[in-house]
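The primary structure of each chain is shown beneath.
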Protein chains: 2
Amino acid sequence: MDIAAAAGVSKGAVSLALNGRSGVSDATRARVLEVASSLGYRPSVTARALSSASADAVGLVLVRPPRALGDEAFFFQLIAGMQSEMSSALLLQVVSSRDAEIELYRRWWAEHRVDGVFLVDLLVDDPRVELMSSLGLPAVVVGGAGHHGSLASVWADDYAAMTSVVEYLKSLGHRRIARVAGLSSLLHTVRRDQAFLASVVDGVIVAGDYTAEAGAVATRRLLESGEAPSAIVYDNDVMAVAGAEVAGGLGVSVPDELSIVAWDDSVLCQHGRLTALSRDTFAFGARAARALLAVVDGASPTDVEDVLPELVVRGSTGAPSARG
Amino acid sequence: MDIAAAAGVSKGAVSLALNGRSGVSDATRARVLEVASSLGYRPSVTARALSSASADAVGLVLVRPPRALGDEAFFFQLIAGMQSEMSSALLLQVVSSRDAEIELYRRWWAEHRVDGVFLVDLLVDDPRVELMSSLGLPAVVVGGAGHHGSLASVWADDYAAMTSVVEYLKSLGHRRIARVAGLSSLLHTVRRDQAFLASVVDGVIVAGDYTAEAGAVATRRLLESGEAPSAIVYDNDVMAVAGAEVAGGLGVSVPDELSIVAWDDSVLCQHGRLTALSRDTFAFGARAARALLAVVDGASPTDVEDVLPELVVRGSTGAPSARG
DNA sequence: GACCCTAGCTAAACCGGTTTATCTCCGGCT
DNA sequence: AGCCGGAGATAAACCGGTTTAGCTAGGGTC
């Protein structure tokens, strides 16, 4: 420790001085600070983390086929939002299996590489919730639709949002409404399913996986079935756009014969003039970051409910035609 | 070091054994490995990094207003591609100034937090190139259009690509061609400018900044000018889509009265049926990751030229009308 | 004046590895 | 038999901080 020598004090004193802790006189502290800044001193997070302090980074593990990830604007928006509220770095890794994800959390925590982690894509009965508690790893559940054990959570009320969408469609006169869902293993998918089924009069749910292909296939199946719906609610923008395209190809006019609503707004929806459920993903990420930093700082975990997503009505929804 | 005790050897021997280095007998090595695995031992990257070894992470700093970042699918594709080839994690941070970026590289390297970094958004006379050399920080320039000092580089030939786009438009019969460029401080913008001006007969360049607003404004200006171009080449997908929209609003039909080409293909272009210069950003990221890992491993820096982007012709380009 | 307390600082241990210097055998060579 | 060399292992230093125990001097109390 060269500042110690330069300032004529011991390593320990320097540490105390730089970290604003008591044990050194104001005069000494001032001198150390001055020497430190004049030397352009940067404490080594690595060394600091080694002796059990902050790692100055938080982690995020994404379980996806990497190739598919690139089209998911959602996550990047989220990451951008998180970063806007963090002065520390984000340790990011994309893995292909849930086991690898869990393994990574264990490692990162054991190695003091992160101070906390974000948990996304919460599953039904997600094992990670238990893992975090047993590890004592500070974590915040992002978008997990509700409360989870002892973990902090930042979420939007998917149930209420779905209900409002269906109510909106019903108010337009739709009765036969379909939903093209996302991955059924995800908690929020289940939540939306429940809300959908509870408020819809005559509804049908088709499973999807957020890809354009899935959206197209599901839409074709729905439209070619004997009792085609007059409105479809998609679980993301990509599927909705693909669905609109399929409808066009089949000669089904939007919104006259088919109303379309997309979950998650994006440039894609704006351009396609799709009515979309818009949530501010960036702000959501920022909120998640604040929550995690608080937990890392020792605050007791809290649940933050995000504002309800807002339905942006564009050209893709309207009253159903007579045949609907 | 509890494995040392459990295996009945010294710390040093364990280190040698686990890292596959000579100095221990095969018998001892086997015993140590067995004990280690039975104990579920994970070496601490933190501690390891402290005594000057691998940090098991590479860095990426993005200089952007975080809010704008979310719409840039390019970067997320790139990151996804990088991750597909890396077993290590990516340390990601978004900062708002070039100075902060440079400061971060210094810190990360000084603190052994990263083994190397990706350099994106290369500027004309980019100070980072010199910095990397002087720091001795392994780095690879991503998309920097050419060779950079002693640094490894992964790039696509923007010059040739732009030339091919212009040639294509000329072959359709276009003479008056415009270009809506990206940030003029970026090296590849300059490169594309040069190629554009060299091959175009009667061209004009308007500056943009990748946002939809910029694309719209530039397009309106071009179309309302006395000598409107019959074709416009945009520097990214977002601006191109916005441009197409403006054209529609002005009653200029695409592609009859105006041909549109977007740099970088995406869901947006696919859906908007825009002719686009498609590069496989994911594969590009993967290539960059391989290059960086090689440099980190001590390989001498090489330049990897990516395959030439491919022009995907869709409905937005065609022969100019008589008035063109 | 003896006693205690505390502010201010230092020395040293510690975190969990890697690396170097050293030490001990054991075998081969002359 | 004497000498040398190398394999196999260990102890200790080191990386750059934090933290704890301990020391010293000065001030207050009775």
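Just above sits the structure.
Right, let's walk through the structure included here. (Residues numbered from 1 in each chain as written. Chains lettered and ligands numbered in written order. Predicted model: local features only at pLDDT ≥ 70, side-chain atom pairs only at ≥ 80, totals over all residues.)

**Some points on helix H7 (residues 98-110) of chain B**
Residue and element names in this part refer to chain B.
Alright, step 1. If you check H7, its first and last C-alpha atoms are 18 Å apart, about what 13 residues at 1.5 Å a residue would give, namely 18 Å.
Alright, step 2. Taken together, the buried positions of H7 are occupied by Glu101, Leu104, Tyr105, Trp108 and Trp109. Burial along H7 is one-sided: seen end-on, the buried residues are contained in an arc of 120°.
Alright, step 3. Positive backbone phi, at 60°, marks His112, one or two positions downstream of H7. (Helix = DSSP H or I, 4+ residues; strand = E, 2+ residues; numbered from the N terminus. Expected span 1.5 Å × (residues − 1). Buried ≥ 20, exposed ≤ 12 C-beta atoms within 10 Å, placed from the backbone. Arc of directions from axis to C-beta.)

**Topic: the protein's contact with DNA strand D**
Alright, step 1. Of all residues adjacent to DNA strand D, which total 25 residues, the nearest are Gly12, Ser15 and Ala47 of chain A together with Gly12 and Ser25 of chain B.
Alright, step 2. Among the elements that line the surface near DNA strand D, the one with the most residues is helix H2 (residues 11-18) of chain A, at five residues.
Alright, step 3. Tallied by class, the residues present in the surface near DNA strand D amount to 11 nonpolar, 11 polar and three charged. (Near = placed C-beta within 6 Å. Nonpolar A, V, L, I, M, F, W, Y, C, P; charged D, E, K, R; others polar.)

**Observations concerning the interface of chain A and chain B**
Alright, step 1. Chain A puts 38 residues into the contact, and the matching count from chain B is 37 residues.
Alright, step 2. Secondary structure elements with two or more residues in the side of chain A that touches chain B: helix H4 (45-50), helix H5 (66-69), helix H6 (73-85), strand S2 (89-95), helix H7 (98-110), helix H12 (237-249) and helix H13 (267-272) of chain A.
Alright, step 3. Per-element accounting of the side of chain A that touches chain B gives the leading share, seven residues, to H6 of chain A.
Alright, step 4. Here S2 of chain A pairs with strand S2 (residues 89-95) of chain B via three bridges, running antiparallel. (Contact = placed C-beta atoms within 7 Å. Pairing = 2+ DSSP bridges.)

**A few points about the protein's contact with DNA strand C**
Alright, step 1. Around DNA strand C, the surrounding shell holds 25 residues, and the nearest of these are Gly12 and Ala13 of chain A together with Gly12, Ser15 and Ala47 of chain B.
Alright, step 2. Put simply, the parts of the chain that give the surface near DNA strand C at least two residues each are H2 of chain A together with helix H2 (11-18) and helix H4 (45-50) of chain B.
Alright, step 3. Looking at which element gives the most residues to the surface near DNA strand C, the answer is H2 of chain B, with five residues.

**Regarding the relation of the copies chain A and chain B**
Alright, step 1. Under the fitted operation, chain A is carried onto chain B by 0.1 Å of movement along the axis and a turn of 180°, and the coordinates agree to an RMSD of 0.1 Å. Put plainly, the chains are arranged around a two-fold axis. Among all C-alpha atoms of chain A, that of Leu91 of chain A lies closest to the rotation axis, at 2.3 Å.
Alright, step 2. Mapped onto chain B, 97% of the interface residues of chain A again fall at the interface, so both copies present the same surface. (Least-squares fit on C-alpha atoms with pLDDT ≥ 70 in both.)

**Looking at the pairing of strand S7 (residues 202-206) of chain B**
The two faces of the sheet receive side chains in turn, since in a regular strand these alternate between them.
Residues and elements named next belong to chain B.
Alright, step 1. In the sheet, strand S6 (residues 176-180) pairs with S7 via five bridges, with the strands oriented parallel. Paired with Arg176 across the bridge in S7 is Asp202.
Alright, step 2. Viewed along the sheet, the connection from S6 through helix H10 (residues 187-199) into S7 turns out right-handed. (Right-handed = clockwise from strand over helix to strand, strands pointing away.)

**What to know about the sheet that holds strand S8 (residues 231-234) of chain B**
Residue and element names in this part refer to chain B.
Alright, step 1. Spatially, S7-S6-S8-S9-S10-S12 is the arrangement adopted by the six strands of the open sheet, whose pairing is mixed. In this open sheet, the two strands that pair with only one neighbour each are S7 and strand S12 (310-312). Between one strand axis and the next, the sheet turns through 20° on average, direction left out of account.
Alright, step 2. Across four bridges, the pairing between S8 and strand S9 (residues 259-263) is parallel. Within S9, the residue paired with Ile232 across the bridge is Ile260. (Axes fitted to C-alpha atoms, helices over the stretch in contact; angles between N-to-C directions.)

**With respect to the nonpolar core**
Alright, step 1. Formed by 196 residues in total, the largest nonpolar core has its most connected members in Leu90 and Val140 of chain A together with Leu90 and Val140 of chain B.
Alright, step 2. When residues no more than four places from it in sequence are discounted, the contact partners of Leu90 of chain B are Leu92 and Gln93 of chain A together with Ala57, Val58, Leu60, Ile79, Met82 and Gln83 of chain B. (Core = buried A, V, L, I, M, F, W, Y, C linked by C-beta atoms within 7 Å.)

**Here we look at the sheet that holds strand S1 (residues 57-63) of chain A**
Hydrogen bonds along the backbone pair up the strands of a sheet, which may run parallel or antiparallel.
Alright, step 1. Across the sheet, 12 strands lie side by side as S11(A)-S5(A)-S4(A)-S3(A)-S1(A)-S2(A)-S2(B)-S1(B)-S3(B)-S4(B)-S5(B)-S11(B); this open sheet has mixed pairing. Each edge of the open sheet carries a strand with a single partner, namely strand S11 (303-305) of chain A together with strand S11 (303-305) of chain B. Neighbour-to-neighbour, the strand axes of the sheet open up by a mean angle of 20°, direction not taken into account.
Alright, step 2. Bridge count for strand S5 (residues 152-155) of chain A against S11 of chain A is three bridges, and the pairing is parallel. Within S11 of chain A, the residue paired with Ser153 of chain A across the bridge is Asp303 of chain A.
Alright, step 3. Packed onto the sheet, H7 of chain B meets strand S1 (57-63), S2 and strand S3 (116-119) of chain B and runs at close to 170° relative to S1 of chain B.

The values are spatial; any link to function lies outside them.
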